[in-house]
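Reading the structure
The lines below spell out each chain.
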Amino acid sequence: MIHPIPADSWRNLIEQIGLLYQEYRDKSTLQEIETRRQQDAEIQSHEDGSPAGEDAPEDEEDEEEEEEEPASPPERRPLPQICLLSNPHSRFNLWQDLPEIRSSGVLDILQPEEVRLQEAMFELVTSEASYYKSLNLLVSHFMENERLKKILHPSEAHILFSNVLDVLAVSERFLLELEHRMEENVVISDVCDIVYHYAADHFSVYITYVSNQTYQERTYKQLLQEKAAFRELIAQLELDPKCKGLPFSSFLILPFQRITRLKLLVQNILKRVEERSERECTALDAHRELELVVKACNEGVRKMSRTEQMISIQKKMEFKIKSVPIISHSRWLLKQGELQQMSGPKTSRTLRTKKLFREIYLFLFNDLLVLCRPIPGDKYQVFDSAPRGLLRVEELEDQGQTLANVFILRLLENADDREATYMLKASSQVVLPLLLGGPCPLLYARSEMKRWMTSLAPNRRTKFVSFTSRLLDCPQVQCVHPYVAQQPDELTLELADILNILEKTEDGWIFGERLHDQERGWFPSSTTEEILNPKIRSQNLKECFRVHKMDDPQRSQNKDRRKLGSRNRQ
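Criteria and thresholds
Residues numbered from 1 in each chain as written. Predicted model: local features only at pLDDT ≥ 70, side-chain atom pairs only at ≥ 80, totals over all residues. Heavy atoms only, no water. Pairing = 2+ DSSP bridges. Helix = DSSP H or I, 4+ residues; strand = E, 2+ residues; numbered from the N terminus. Axes fitted to C-alpha atoms, helices over the stretch in contact; angles between N-to-C directions. pLDDT = per-residue confidence, 0-100. Contact = heavy atoms within 4.5 Å. Salt bridge = Lys/Arg side-chain N within 4 Å of Asp/Glu carboxyl O. Phe/Tyr/Trp six-rings, centres within 6.5 Å; stacked < 30°, edge-to-face > 60°. Buried < 20%, exposed > 50% of the residue type's maximum accessible area, 1.4 Å probe, protein only. Lys NZ or Arg CZ within 6 Å of the ring centre and 35° of its normal. Polar contact = N/O pair within 3.5 Å; in protein donor to acceptor, adjacent residues only side chain to side chain. Core = buried A, V, L, I, M, F, W, Y, C linked by side-chain atoms within 4.5 Å.

Here we look at the sheet that holds strand E9 (residues 476-479)
With antiparallel pairing, the five strands of this open sheet are ordered in space as E12-E11-E10-E9-E13. Two strands bound the open sheet, and with one partner strand each, they are strand E12 (520-524) and strand E13 (528-531). Strand-to-strand twist in this sheet, taken as the mean axis angle between neighbours without regard to direction, amounts to 45°. The pairing of E9 with strand E10 (residues 498-504) spans three bridges and is classified as antiparallel.

A word on the confidence of the model for the protein
Summarising the model, the protein shows a mean pLDDT of 81, and 76% of its residues fall at 70 or more. Note on residues 464-469: pLDDT under 50 across the span, and 20 contacts to partners over four residues away in sequence or across chains. Scored below 50 in pLDDT, residues 550-570 shows 34 contacts in the model against residues more than four places distant or in partner chains.

Here we look at the pattern of salt bridges
The tally for this structure, following the rule as stated, stands at 32 salt bridges. Across the pair Glu 32 and Arg 261 runs a salt bridge, and its minimum N-O distance is 3.9 Å. In this pair, Glu 32 is assigned in helix H2 (residues 21-49) and Arg 261 in helix H14 (residues 254-270), connecting sequence segments 229 residues apart. Members of the salt-bridge network, linked through shared partners, are Lys 335, Glu 448, Arg 451, Asp 489 and Glu 490.

Thoughts on the packing of aromatic side chains
The description of an aromatic ring pair uses the distance of the two centres, along with the angle that the planes make with each other. In this structure the tally under the stated criterion is 17 aromatic pairs. Between the aromatic rings of Phe 142 and Phe 251, the centroid separation amounts to 5.6 Å while the plane-to-plane angle is 45°, which identifies the pairing as tilted. Residue Phe 142 is located in helix H5 (residues 112-143), and its partner Phe 251 is located in helix H13 (residues 248-252); the two are separated by 109 residues in the primary sequence. In terms of burial, Phe 142 and Phe 251 fall into one category: buried. Taken together, a centroid distance of 5.1 Å and an interplanar angle of 50° make the contact between Phe 174 and Tyr 198 tilted. Placement of Phe 174 in helix H8 (residues 164-184) and of Tyr 198 in helix H9 (residues 192-201) is noted, with a sequence separation of 24 residues between them. In this structure an aromatic cluster arises from ring pairing among Phe 142, Phe 161, Tyr 220, Phe 230, Phe 248 and Phe 251. Over the ring of Trp 332 we find Arg 306, and its NZ or CZ is 4.2 Å from the ring centre.

A few points about the side chain of Arg 25
Among the secondary structure elements, Arg 25 is positioned in helix H2. Classification of Arg 25 as buried rests on a relative accessible area of 14%. In terms of polar contacts, Arg 25 uses its side chain to reach the side chain of Glu 494, at 3.2 Å. Once you skip the residues sitting within four places of it in the chain, Arg 25 turns out to touch Gln 257 and Glu 494.

Focus: unusual backbone geometry
Despite not being glycine, Arg 276 shows a phi value in the positive range, around 60°. Checked against the element boundaries, Arg 276 lands in the loop between H14 and helix H15 (278-316). The residue Asp 378 is not glycine, and still its phi comes out positive at about 55°.

Here we look at the nonpolar core
Ranked by size, the top nonpolar core spans 80 residues in total, and within it Trp 95, Leu 124, Leu 138, Phe 161 and Phe 203 carry the most contacts. Not counting the four nearest positions on each side in its chain, Phe 161 is found in contact with Leu 138, Phe 142, Met 143, Leu 148, Leu 152, Tyr 209, Phe 248 and Leu 252.

So this is what it looks like as structure tokens:
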């Protein structure tokens, strides 16, 4: 049966959403983390309590043994407290709590899985409303402020706000279509067909905005440093109750946060639709289009910074060998840093010399390795190079303290078209930001060695899993504290990200792969907590495989026959 929602009733609900998008995003991700924790703990407690039966006479002995060796789970770090989680004035309803839903009687008919699907679609709609509200505040409260217009040069204002008016207009039309869909029936038929249409035809405005991010950040920092009037006015505008204590910068990054979150919301819907159904096909199409948009956004952000970085690196290089062109539109830096090269043969005589190791500096790009020696003037003399695909690494067996953290790097074909071998040692000088007091230098050196080996030969087998396959019981973690990458080989983490652990180091670093986009990199273990239950880990992987599964012939035929506007109403 059709139970339309009156337009006025729905618009009132949208207007009463009290959360700005930044608040909604924090609340949603923290709830997601807590839900996983509860599932993990529930299943773990059931498993721990299941073998209770036959050895009753030995209960007392068992209890004594348990007291001596308590099987306590790893300590959980507390989540950051956000007041809105317990704020009764933050209106953000569930679909099933709407008066129209309760009075219609549909909750007595629908299966629990369909209710969860309705909640997932409802969250996409209401979160878009929250996003539109925040984006509108960026325009009306900041961009159109008359005093700010007088302070900023038109070129500065253009860089700072870019095409935000286009983004706002698209969000408004997108939200309006979602609202119309909600008004048709209390049981939502689908939203992913609308998402697909907008991702394919209108979301290019996000690519333009996000690609400007590097210029935007740089201009904002310069304005804060060089224009006191700008700095004072922004601080004054931020104090307005409308902003709820949120900084101006959090409004500027809204479009990038939304387009990435929208992809995750579609993933959440995709996990709940029936397999091989019309709604699954639509959700897969929408997800694939959003992936293209997000990828283009990421590439746009990286393009400018990478080009500037490559120009800077080439200026510092002096070639002792035949010159290698460094700048290329398809090349970027993966890792750079100082190592120690072992010089001379491995004899007891050379081991006693002070110059057993000499400094060497490596620039590792996505397709090329360049080996240099530091020279005066902050420059580097290039003495060898090799394609990245022709590199092999091997860790030395325990050879004592002198050769600790030494690994062998083989260039199968170097600059002279010959095979070359280098024995390299990771430095024990700590240069990365240290967490929780920092590791000792020896542990840091071993960590650096592993990171270099992982970057130089990405297809080698790691401690936990082969890079060419995925084990169903691979260790997993979820992010509970955001992390911003500090090095090219690191991974920026958002709250609630789930990652497979591929490698660990003794000083608290993890090399992992994020499930929702397959991005890999290093991050501190202190920002995550392990998912202990194998059933939860397996479920996470299966959901990931489903979201990223390739087209099958049946689905291709269905897609050819289907028109975007057609759908089955409930």
